[in-house]
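Report on the structure
This is what each chain is made of:
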Amino acid sequence: MSDVPDVPEGKSKKRTAIEVAGEGALGAIPFVGSLLAATLSTYFSATQENRTREWMEEMAEVVQALLDRIENLEAEDLADNPAFYDAAVAAARIATSTSAAAKHAALQNALYNVGSGDGWDADKRAIFLRYVDELTPSHISLLRLVEDPPRWFERHGLSWPGGGLLSVVKAAFPAWANDEDFIDTLAADLAARGLVDALPLRAMMTDSGARAGRAKAKGREFIGFISGPFNADGCQ
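Below is a summary of the structure that appears in this document. Treat the numbers as computed from the prediction; the structure is a model and nothing was measured. (Residues numbered from 1 in each chain as written. Predicted model: local features only at pLDDT ≥ 70, side-chain atom pairs only at ≥ 80, totals over all residues. Heavy atoms only, no water.)

1. Focus on the overall build of the protein
Secondary structure summary: the protein contains twelve helices and zero strands in total. Order of helices (α) and strands (β) in the protein, N terminus to C terminus: α-α-α-α-α-α-α-α-α-α-α-α. Taking all 236 residues of the protein together, 37% fall into the buried category. Sequence separation of at least 24 residues holds for 66% of the intrachain contacts in the protein that already meet a minimum separation of 6. (Helix = DSSP H or I, 4+ residues; strand = E, 2+ residues; numbered from the N terminus. Buried < 20%, exposed > 50% of the residue type's maximum accessible area, 1.4 Å probe, protein only. Contact = heavy atoms within 4.5 Å.)

2. So, the packing of helix α7 (residues 137-147) against helix α10 (residues 180-192)
Across the interface, α7 lies against α10 with an axial gap of 10 Å and an inter-helix angle of 75 degrees. Taken as axis vectors, α7 and α10 run roughly perpendicular relative to one another. Between α7, through Ser-138, His-139, Leu-142 and Leu-143, and α10, the contact on the second element is made entirely by Phe-182, Thr-185, Leu-186, Ala-187, Asp-189 and Leu-190. Across the contact of α7 with α10, the residue classes tally to six nonpolar, three polar and one charged. (Axes fitted to C-alpha atoms, helices over the stretch in contact; angles between N-to-C directions. Parallel < 35°, antiparallel > 145°, perpendicular 65-115°, else oblique. Nonpolar A, V, L, I, M, F, W, Y, C, P; charged D, E, K, R; others polar.)

3. Remarks on the pattern of salt bridges
Per the stated rule, a full pass over the model turns up twelve salt bridges. Put simply, Arg-193 and Glu-134 hold a salt bridge, and the shortest N to O gap is 3.0 Å. Here Arg-193, found in the loop between α10 and α11 (207-211), pairs with Glu-134, found in helix α6 (residues 122-134); they are 59 residues apart in sequence, far enough to count as distant. Taking the relative accessible area as the measure of exposure, Glu-134 reaches 34% and is therefore partly exposed. (Salt bridge = Lys/Arg side-chain N within 4 Å of Asp/Glu carboxyl O.)

4. Comments concerning the nonpolar core
Among the nonpolar cores identified, the biggest contains 54 residues, and Leu-111, Leu-142 and Phe-222 are the most heavily contacted of them. If we ignore the near neighbours within four places in the chain, the residues touching Leu-142 are Val-169, Phe-173, Trp-176, Leu-186, Ala-187, Leu-190 and Leu-199. (Core = buried A, V, L, I, M, F, W, Y, C linked by side-chain atoms within 4.5 Å.)

5. Structural notes on the packing of helix α4 (residues 82-95) against α6
α6 packs onto α4 with a crossing angle of 15 degrees between their chain directions and a minimal axis gap of 10 Å. By the angle between their directions, the pair α4 and α6 is classed as roughly parallel. Between α4 and α6 lies a crossing of right-handed hand. Note on element contacts: α6 touches α4 through Arg-125, Leu-129 and Asp-133, opposite Ala-83, Ala-87, Ala-90, Arg-93 and Ile-94. Among the residues forming the contact of α4 with α6, the class breakdown is five nonpolar, no polar and three charged. (Left-handed = near helix turned anticlockwise from the far one by under 90°.)

6. Notes on unusual backbone geometry
Despite not being glycine, Asn-72 shows a phi value in the positive range, around 70 degrees. Summarising the element assignment, Asn-72 is placed in the loop between α2 (34-69) and α3 (75-79). Overall, Asn-72 belongs to the exposed group, its relative accessible area being 67%.

7. Let's talk about the side chain of Thr-96
When you line up the elements, Thr-96 lands in the loop between α4 and α5 (101-116). Owing to a relative accessible area of 12%, Thr-96 belongs among the buried residues under this scheme. Aside from chain neighbours lying at most four places away, what touches Thr-96 is Gln-48, Arg-51 and Thr-52.

Now the structure itself:
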């Protein structure tokens, strides 16, 4: 028998199930009363509704951009496109679980590319969308940097720093400069997904070696998948 109560009019069964699950978890914590549980449930529901509304507005921007680009395209055509619909459903789940603007922009670009006819098959799209979900904006920023380090510095209006690869990363992202473990984790996560080769962060190398692109073909494809007309800090 389901533990989900009757669904009030206007509320989805999924939303009700989420609220019941959240309230049950809170009720299991000692000294947390039902009033606090109900209050948190209300706030969480409001946050979810706000995020859903914001993402729908962002997706509408994608649809409008596609309508402006592709002659004779109608919104109904996108809704009837299985590739776009599947990607839109996955993107909505990811977008409403994060407030990171860079990830929202990556998802908008992904949908824009799918709607434009990106040429990737369904499984590859699903994998790339999973990467958007799993990886942080910092992962994506590092991947964009190592794809073409000199171009990254030029695009951001910065002078080439010289030195080895670790020095290049620290110059690009000063906030990481005192946390090499964090940089190592980002690099290892990218390598584990086959997006880059193991990054020789501490290897002695020539300037041309430090300037070399280190994204694998799969990494360049992923960057292409999440690149497009929508931008946010850390996204391009």
